[in-house]
Amino acid sequence: SALIRPEDTKVLFTASNLLKLNPKLYLVLEGHTDSSGNEMVNQRVSFARANAVKYELTKIYNVNPDQLITKAEGASHPIDTNETEVGRAKNRRVTMILKIH
């Protein structure tokens, strides 16, 4: 799924304020999946996740789209095991990496 959860709005609000206060900052939004499914599908899903966050930040929080870069990582960087549902759930995520120009 590439839906934004209600519990994510606080992080998005904070990130948007930080970006708006400093135009030299930007975020790299990395979409991730678990290892279920084939690689091509996982790449597509991870890109959709990153773009959902970008859409939310630009359309809802009015962040300059030039301050956002999206990347599809697929299942290449798990943070937990893919052998359990709990682990797979942790691997399905978007990470935000703050950088400066």
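Just so it is clear, the structure is predicted and the values come from calculations on it, not from any experiment.

Caption draft 1: Quick look at the sheet that holds strand β3 (residues 93–100). With mixed pairing, the three strands of this open sheet are ordered in space as β2-β1-β3. Looking at strand neighbours, the two that pair on one side only are β2 (68–74) and β3, the edges of this open sheet. Each adjacent strand pair in this sheet contributes to an overall mean axis angle of 20°, direction not counted. Pairing of strand β1 (residues 25–32) with β3, which is carried by eight bridges, proceeds in the antiparallel orientation. Across the sheet, H32 pairs through a bridge with R93, a residue of β3. The sheet strands contacting helix α1 (residues 9–21) are β1, β2 and β3, and the helix crosses β1 at an angle near 150°. In the packing of helix α2 (residues 39–60) onto the sheet, contacts are made with β1, β2 and β3, and the angle to β2 comes to roughly 155°.

Reading guide: rules and limits
Residues numbered from 1 in each chain as written. Predicted model: local features only at pLDDT ≥ 70, side-chain atom pairs only at ≥ 80, totals over all residues. Heavy atoms only, no water. Pairing = 2+ DSSP bridges. Helix = DSSP H or I, 4+ residues; strand = E, 2+ residues; numbered from the N terminus. Axes fitted to C-alpha atoms, helices over the stretch in contact; angles between N-to-C directions. Contact = heavy atoms within 4.5 Å.

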